[in-house]
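# Survey of secondary and tertiary structure
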Amino acid sequence: MALWAKAQQLPPESLQQIRAIYGEHFPIEVRHYLAQWIEDKFWSDIEPVPENPQHEQYVAGLLNSLVQEIENKAAVVTDTEFFLTKLKLAEAAKTFRQRYSGNPMQLFNYVRQCLATEMRLVQAASGEVTGFPSLVTNGSSAEVIHKLEIIKTRTRDTAEDLRRLEQEQEAFAIQYHECTKLSAHIQQLSAQQSSPQTTAAIQKITHQKELLEQVLQQKVAGLVQLRLTLVDKLKETFQMINTLQGHVLDEELIRWKREQQLAGNGAIFNSNLDTIQEWCESLAELIWSNRQQIKEVELLKKKLSLATPGVPDVLPQLLTEITQLLSSLVTSTFIIEKQPPQVMKTNTRFTATVRLLVGGKLNVHMTPPQVKVTIISESQANILLKNDKLGKSGEASGEILNNTGTMEYQQATRQLSVSFRNMQLKKIKRAEKKGTESVMDEKFSLLFQSQFSVGGGELMFQVWTLSLPVVVIVHGNQEPHAWATVTWDNAFSEPGRVPFAVPDKVPWSNVAETLSLKFRAATGRPLTEENIRFLAEKAFRGNYSEPNQMLSWAQFCKEPLSERNFTFWEWFYAVMKLTREHLRGPWVDGAILGFIRKKQTEEMLQSRPSGTFLLRFSDSELGGVTIAWVSDSSEVFMLQPFTSKDFAIRSLADRIADLSHLLNLYPDIPKDIAFNKYYTPFQDNQPTANNGYVKPLLVTHVPGWSGPGVVSYPNTPQHPFLQSPDPSRDTPSVASSYAGSVATTMTGAGQGMDYLDQLDDCNIDLNGLVNLSELMQGYRQ
């Protein structure tokens with residue numbers, strides 16, 4: 001039996017929980033009319049693999065299919081009895097397209113959570129073990145929804161109790177008024193001249209009054225009991241809201257913020273902010289309703305003061321506490337949905353988005369609040385968190401252009417937010433440096449501030465939030481160290497820290513996880529265990545022993561590597577940048593070993609046939625990759641490393657294709673199989689440029705290694721290929737050259753060839769000549 005069919009047979013209390021989990025984000029009508037399709041597509045067909053690009057493509061296609069299915073179902077609903085259902089389905093299709101097109105994974109995870117809750121309730125009711133696949137889901141979501149439903153039920157009950165109390169008090173007031181009228185009548189009769197009739201009338205009215213007073217005494221006791229019971233219920237509801245709000249804000253929202261921070265290091269971030277907003281909006285409604293109930297009880301109490309000896313009046317304190325609860329909810333849900341860049345360059349445009357999760361429910365958008373952005377230092381952030389104020393000066397640590405905006409409410413998404421699209425940091429005020437500190441160690445934060453009122457001006461809120469730490473740079477060469485500071489902070493900051501304190505030493509296993517996240521996000525493939533081991537040896541300068549060995553901040557990015565003038569992080573960052581910009585495809589394919597020692601390279605290649613080669617990242621040059629190959633004599637040679645500048649001229653795959661002595665990628669993959677899809681297509685009849693000249697072609701050539709099909713050019717200086725640019729190298733390093741090969745496949749470029757030869761004789765580095773066609777044109781003119 002299908003899961004939805006079983007769910008429909010659950011007892012009423014369980015059905016109520018199932019109804020609670022389907023809200024505006026996924027209407028229960030969609031679940032009902034597409035029950036089997038949803039279970040097949042969201043559950044049975046595929047298990048979630050967040051890091052798999054194919055899975056992400058599948059989910060994106062699934063969203064489109066779901067919208068189409070809903071629209072098809074709405075189209076076939078023609079019975080007027082189901083007209084509202086037809087409208088609901090059409091609205092759901094439109095909402096899904098608007099809300100989830102940019103993040104289909106969010107809808108996928110939400111639906112699976114709903115299915116998991118259904119399964120849990122079905123299994124709890126029947127005790128059976130079903131044949132459905134198990135779901136990996138966060139049970140806390142279903143628990144939050146369940147508790148919200150309980151509190152909503154209690155709030156409806158106390159609203160009924162309040163109405164009954166009000167009615168009973170009104171009835172008491174009417175009867176009390178009757179009693180006072182009887183007393184006045186008795187007093188009036190007593191003032192008259194005594195007579196048998198008067199006496200009889202007084203006795204009769206007095207009897208009526210006594211009977212009414214007895215009723216009033218009973219009503220007083222009933223009213224007191226109703227009040228006490230209602231106040232106790234309100235206190236219990238407050239405690240439940242307080243506990244649940246603590247869970248949502250201190251666990252769920254903090255977890256979201258932590259995952260957002262880790263996303264800055266490349267971690268997968270499946271934001272569930274819309275779900276958290278739903279919870280916070282429900283909390284806001286519940287707090288507001290219970291707050292109004294408390295105020296109404298107080299008002300009723302003032303209208304009719306009833307003595308309750310020995311029972312303290314807790315209503316004023318309860319009202320204060322629940323108002324504080326609302327204040328905490330509002331201030332905590334003023335969040336940065338899209339963080340500003342954590343490495344911020346002056347005079348460069350940047351963006352950020354701020355959102356108030358409960359703004360729609362509290363009608364804050366009726367008077368749209370202004371948000372102001374300033375940049376503050378680490379010490380100012382510390383003062384702000386301690387005192388909720390920036391201190392006497394309140395000065396910013398820099399000047400930001402376009403730093404104010406108005407929050408807007410989007411009806412389709414029910415989001416109250418403001419996006420700053422054109423902010424720019426014009427100048428920065430830095431603190432004095434101590435010891436080995438540099439400007440790239442200094443952290444700042446963007447402060448977002450606003451104020452608004454709710455309840456017709458009854459409550460005024462001043463809200464603010466701080467961005468993740470940012471490092472301000474003025475030049476691109478400061479970027480690597482700045483990213484080291486940001487990466488360390490994102491990875492190793494602890495909850496509730498003093499801004500922006502981070503540990504000075506952390507276990508290598510944690511560093512390795514961070515480096516792998518960074519590398520995967522940048523290049524498409526994470527690091528292997530062998531890669532991690534190689535990096536550990538490098539980071540610890542050959543003194544690595546075990547995964548929990550502590551790596552210091554200084555070892556990470558302050559102290560140069562042995563016999564080098566750059567740090568571990570600078571080396572890693574340069575390799576990551578090179579791979580991201582020029583080597584991503586081959587790296588993802590596994591064609592680049594990269595992280596491998598020189599000695600290990602030699603050992604691996606010496607056992608292979610001549611012409612076998614592999615690719616490794618250079619130890620001596622930042623952002624360099626070298627080609628190592630084995631010769632006929634089983635001697636291993638390594639080509640002088642290529643860098644980004646080289647690959648801007650000719651790609652790695654084309655260079656490998658140029659070198660005919662490179663035959664097989666280690667261990668035994670023909671190079672054309674490994675790199676063919678990355679070769680630049682070549683046309684025999686090259687079209688002439690608009691200026692009439694033939695465009696030249698660069699071909700990589702290693703002097704002294706001209707194999708079959710490679711032409712040797714007598715005008716090309718023969719570089720001493722066994723001379724290493726680094727005297728410490730024990731493996732021969734061969735320099736590649738472009739000279740003599742520029743015109744090998746081009747006709748009509750002979751004059752240009754002579755000119756290039758003359759340049760080469762003058763020791764001009766051709767690597768820097770990116771646009772050789774311009775050079776040709778200049779020579780011929």
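Worth saying up front: this structure is predicted, and the values here are computed from it rather than measured.

## Some words on the pattern of salt bridges
If you walk through the whole model with that rule in mind, you get 33 salt bridges. Ionic pairing is found between E458 and R291, a salt bridge with its closest N-O pair at 2.9 Å. Placement of E458 in the loop between β9 (444-454) and β10 (459-466) and of R291 in helix α10 (residues 273-303) is noted, with a sequence separation of 167 residues between them. Judged by relative accessible area, which is 36%, E458 ranks as partly exposed. By sharing partners, the salt bridges in this structure join R31, E39 and E118 into a single network.

## Quick word on a nonpolar patch on the surface
Together, F83, L84 and L87 line one region of the surface with nonpolar side chains, adding up to about 330 Å² of accessible area. Looking at the secondary structure, you find L84 in helix α6 (residues 83-100). Using a relative accessible area of 66% as the deciding quantity, one classes L84 as exposed.

## Considerations on the packing of aromatic side chains
Scanning the model with the defined rule gives 29 aromatic pairs in all. Judged by centre distance (5.1 Å) and plane angle (70°), the rings of F519 and W587 are edge-to-face. Note that F519 is positioned in helix α14 (residues 508-523) and W587 in helix α17 (residues 568-589), a separation of 68 residues in sequence. Side by side, F519 and W587 carry an identical accessibility label, which is buried. Geometrically, the ring pair formed by F595 and F617 is edge-to-face, given 5.0 Å between the ring centres and 65° between the ring planes. Of this pair, F595 sits in the loop between α17 and α18 (598-606) while F617 is found in strand β14 (residues 612-617), placing the two residues 22 residues apart along the sequence. The same class applies to F595 and to F617, which are both buried. We note R525 situated over the ring of W587; from NZ or CZ to the ring centre the distance is 3.8 Å. Stacked on the ring of W571, the Lys or Arg K538 has its end atom at 4.5 Å from the ring centre.

## Description of the sheet that holds β9
Judged by pairing direction, the sheet is antiparallel, and its four strands sit side by side in the order β6-β4-β9-β10 without closing on themselves. The sheet is open, and its two edges are formed by β6 (404-406) and β10, each paired on a single side. In this sheet, adjacent strand axes meet at a mean angle of 25° when their direction is disregarded. In the sheet, strand β4 (residues 370-377) pairs with β6 via three bridges, with the strands oriented antiparallel.

## Some remarks on the pairing of strand β15 (residues 625-630)
Where burial is concerned, most of β15 is hidden: six out of the six residues are buried. Neither face of β15 is exposed, since V625, I627 and W629 on one face and T626, A628 and V630 on the opposite face are all buried. In terms of strand pairing, β15 meets strand β16 (residues 636-639) through three bridges, oriented antiparallel. Bridge pairing links A628 to M638 in β16. The loop that links β15 with its antiparallel partner β16 comprises five residues; one of these, S634, has a positive phi angle of about 65°.

## Thoughts on the environment of D232
Its location among the elements puts D232 in helix α9 (residues 196-263). Taking relative accessible area as the criterion, D232 reaches 38% and is therefore assigned partly exposed. Taking C-alpha positions, D232 is 9.5 Å from V314, a pair spaced 82 residues apart along the chain.

## Re the confidence of the model for the protein
When pLDDT is averaged along the protein, the result is 82; 84% of the residues meet or exceed 70. Contacts for the low-pLDDT stretch residues 129-138, under 50 throughout, to residues beyond four places or in other chains number 21 contacts. Across residues 707-731, where pLDDT falls below 50, the model places 43 contacts with residues more than four positions away in sequence or in other chains.

## Focus on the side chain of T514
Checked against the element boundaries, T514 lands in helix α14. T514 gets classed as buried once you look at its relative accessible area, which sits at 8%. Those residues in contact with T514 that lie beyond four places of it in its chain are N265, T487, A491 and F492.

## Some thoughts on unusual backbone geometry
Here P499 and F500 are connected by a cis peptide whose omega angle stands at -20°. In this structure, F500 sits in the loop between α13 (479-492) and β12 (505-507). Residue P667 follows Y666 across a cis peptide bond; omega there is 5°. With respect to the helices and strands, P667 occurs in the loop between β17 (664-665) and β18 (669-670).

## Section: the packing of α13 against α14
The contact between α13 and α14 brings their axes to 11 Å, and the two run at 120°. Regarding α13 and α14, the two cross each other, and that crossing is right-handed. Residues W483, T487, A491 and F492 of α13 pack against N510, V511, T514 and K518 of α14. Residue classes in the contact of α13 with α14 are distributed as four nonpolar, three polar and one charged.

Rules used throughout
- Residues numbered from 1 in each chain as written.
- Predicted model: local features only at pLDDT ≥ 70, side-chain atom pairs only at ≥ 80, totals over all residues.
- Heavy atoms only, no water.
- Salt bridge = Lys/Arg side-chain N within 4 Å of Asp/Glu carboxyl O.
- Helix = DSSP H or I, 4+ residues; strand = E, 2+ residues; numbered from the N terminus.
- Buried < 20%, exposed > 50% of the residue type's maximum accessible area, 1.4 Å probe, protein only.
- Patch = residues over 30% accessible without salt bridge, like charges linked within 9 Å, V, L, I, M, F, W, Y side chains within 5 Å.
- Areas by Shrake-Rupley, 256 points an atom, 1.4 Å probe, with all protein chains shown as cover.
- Phe/Tyr/Trp six-rings, centres within 6.5 Å; stacked < 30°, edge-to-face > 60°.
- Lys NZ or Arg CZ within 6 Å of the ring centre and 35° of its normal.
- Pairing = 2+ DSSP bridges.
- Axes fitted to C-alpha atoms, helices over the stretch in contact; angles between N-to-C directions.
- pLDDT = per-residue confidence, 0-100.
- Contact = heavy atoms within 4.5 Å.
- Left-handed = near helix turned anticlockwise from the far one by under 90°.
- Nonpolar A, V, L, I, M, F, W, Y, C, P; charged D, E, K, R; others polar.

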